[in-house]
Amino acid sequence: MKHEVKKICKIVDELTTLFLKEDTNEVDFKIITKPDRTIVKIVDYDTKYSEDFIAHLKKTLNNQRQSEIEEYYWQLAGETDDDDELTLISVMIDSATVEKREGNLYIELVRINK
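Nothing here was measured: the structure is a model prediction, and the numbers come from that model.

Asker: Any chance you could explain the packing of aromatic side chains here in plain terms?
Answerer: Geometrically, a pair of aromatic rings is defined through the distance of the ring centres and the angle of the planes. Evaluated as defined, the whole model comprises 3 aromatic pairs. Aromatic pair phenylalanine 19 and phenylalanine 29: ring centres 6.3 Å apart, planes at 75°, arrangement edge-to-face. One end of the pair, phenylalanine 19, is in helix α1 (residues 4-21); the other, phenylalanine 29, is in strand β1 (residues 27-33), and 10 residues separate them in sequence. Seen from their ring centres, phenylalanine 19 and tyrosine 49 are 5.8 Å apart, and the 70° between their planes marks the pair as edge-to-face.

And the structure:
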């Protein structure tokens with residue numbers, strides 16, 4: 001549980017930067033904390049992302065969580081390029097749902113407390 005809040009903040013910060021760099025007009029973030037997990041829900045309204053990028057995002061975020069890597073590298077979030085940041089986020093979460101519906105991009109990230 002050491003640094004848990006900071007890790008969630010790094011994840012949200014990275015995704016906020018990603019959306020704002022793409023000139024997003026409206027994005028919502030919701031963080032839900034439960035005793036056993038944290039859920040981050042994001043809605044990018046009228047998304048400008050292509051279907052190819054959304055597929056890439058879905059694939060990248062759904063890599064397996066790697067706690068041993070996370071513990072050493074989570075503080076580096078924000079220091080490298082976008083793909084590396086997405087990869088770092090993927091080792092810090094347990095699951096990701098990414099889908100586009102009615103022109104909006106919906107992302108749900110789940111991080112189980114260990």
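After that view, the rundown keeps rolling.
Asker: Hey, could you run me through the nonpolar core in this one?
Answerer: Considering soluble globular proteins, one finds that nonpolar side chains tend to be buried as a cluster. One finds Leu15, Leu57, Leu61, Leu105, Ile107 and Leu109 to be the most contacted residues of the largest nonpolar core, which totals 23 residues. With 6 residues, the top contributor of residues to this core is α1. With residues up to four places along the chain from it excluded, the contact list for leucine 15 reads Phe29, Ile42, Leu86, Ile89 and Leu109.

Asker: How do you make sense of the pattern of salt bridges when you look at a structure like this?
Answerer: Opposite charge on two side chains makes pairing possible when the charged atoms of those side chains draw close. This model, assessed by the stated rule, comprises 5 salt bridges. For glutamate 108, the salt bridge is made with lysine 41, and the minimal N-O distance between the two is 3.7 Å. Taken together, the positions of glutamate 108 in strand β4 (residues 104-112) and lysine 41 in strand β2 (residues 37-44) put the pair 67 residues apart, joining distant regions of the chain. As a salt-bridge pair, arginine 101 and glutamate 99 come within 2.4 Å of each other at their nearest N and O atoms.

Asker: Just checking my understanding: could you explain helix α2 (residues 51-61) for this structure?
Answerer: For an α-helix the count is 3.6 residues per turn, leaving residues at separations of three or four pointing the same way. For α2, the set of buried residues is Ile54, Leu57, Thr60 and Leu61. Down the axis of α2, the sector holding all buried residues measures 130°, keeping them to one side. In α2, the exposed positions that point more than 90 degrees away from the buried face belong to Glu51, Asp52 and Lys59.

Cut-offs used in this document
- Residues numbered from 1 in each chain as written.
- Predicted model: local features only at pLDDT ≥ 70, side-chain atom pairs only at ≥ 80, totals over all residues.
- Heavy atoms only, no water.
- Phe/Tyr/Trp six-rings, centres within 6.5 Å; stacked < 30°, edge-to-face > 60°.
- Helix = DSSP H or I, 4+ residues; strand = E, 2+ residues; numbered from the N terminus.
- Core = buried A, V, L, I, M, F, W, Y, C linked by side-chain atoms within 4.5 Å.
- Buried < 20%, exposed > 50% of the residue type's maximum accessible area, 1.4 Å probe, protein only.
- Contact = heavy atoms within 4.5 Å.
- Salt bridge = Lys/Arg side-chain N within 4 Å of Asp/Glu carboxyl O.
- Arc of directions from axis to C-beta.

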